[in-house]
Amino acid sequence: MRFFGTTWLDHEGGPRGYAVRRGAVALGSLLAVVVSCLVLRFAYQGIAIADLGGFVTVLVVVMFAVCSALAFRHTWDGFAKRPDPDRQASLRGLLAVGFVGSLLAYFFRALTEAPGERLHREEYEAARRRHESRTKRRTGNPSKKRRRR
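From a predicted model like this one, the values you see are computed outputs, not experimental measurements.

The rules behind each value
Residues numbered from 1 in each chain as written. Predicted model: local features only at pLDDT ≥ 70, side-chain atom pairs only at ≥ 80, totals over all residues. Heavy atoms only, no water. Salt bridge = Lys/Arg side-chain N within 4 Å of Asp/Glu carboxyl O. Helix = DSSP H or I, 4+ residues; strand = E, 2+ residues; numbered from the N terminus. Buried < 20%, exposed > 50% of the residue type's maximum accessible area, 1.4 Å probe, protein only. Phe/Tyr/Trp six-rings, centres within 6.5 Å; stacked < 30°, edge-to-face > 60°. Expected span 1.5 Å × (residues − 1).

## Description of the pattern of salt bridges
Using the criterion set out here, one finds three salt bridges in the structure. Aspartate 77 is paired through a salt bridge with arginine 73; the nearest N and O atoms lie 3.4 Å apart. With aspartate 77 and arginine 73 both in helix H3 (residues 54-78), this residue pair falls four residues apart, about one helical turn. The closest approach of N and O atoms between arginine 128 and glutamate 132, which form a salt bridge, is 3.6 Å. Of this pair, arginine 128 and glutamate 132 both sit in helix H7 (residues 117-135), separated by four residues, roughly a single helical turn. Residue classification places arginine 128 among the partly exposed residues on the basis of a relative accessible area of 43%.

## Details of the packing of aromatic side chains
One pass over the structure, following the stated rule, counts five aromatic pairs. An angle of 75° between the planes, with centres 6.4 Å apart, marks the rings of phenylalanine 72 and phenylalanine 108 as edge-to-face. One end of the pair, phenylalanine 72, is in helix H3; the other, phenylalanine 108, is in helix H6 (residues 99-112), and 36 residues separate them in sequence. The exposure class assigned to phenylalanine 72 is partly exposed, which follows from its relative accessible area of 26%. Look at phenylalanine 108 and you get partly exposed, because its relative accessible area is 38%.

## So, helix H2 (residues 18-50)
Between its terminal C-alpha atoms H2 stretches 48 Å, which fits the 48 Å expected from 33 residues at 1.5 Å a residue. For H2, the set of buried residues is Tyr18, Val25, Ala26, Ser29, Val33, Ser36 and Ile47. One or two steps after H2, the chain reaches aspartate 51, where phi turns positive at roughly 55°.

## Comments concerning unusual backbone geometry
With phi around 55°, aspartate 51 is a residue other than glycine that occupies positive phi space. Counting through the fold element by element, aspartate 51 comes out in the loop between H2 and H3. With a relative accessible area of 65%, aspartate 51 lands in the exposed category.

Below you can see the structure in the form of structure tokens.
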């Protein structure tokens, strides 16, 4: 939500509006995925040049694939509900290895909405309802109000 300010509230238009920012974020995350895959390819070529053996090569490829899939799922779920801070801390290494999955989740979410928009909107509307219920004028006879001691 850091790229959107408060435009996710009313989806205001204009040259720097919501749709333009969402498209730029989607394009930027896709570009980051492409660059990341090139970096991973160079790493793979380094392993191939070092001639570490087929087992190590397969192990590294499977590790990046599994970590990317888990990072994708964790990031995607994080757009719908707040992640547990303890679990987030324990998964930090896995998410760092699977950064391509996180970037892909960000890209796909940016195609439909600002990443995290639904979660922020739900929290915002719940906070508005709580505020309105606290500030709503009371009706009834104030003399029957229970006194605190």
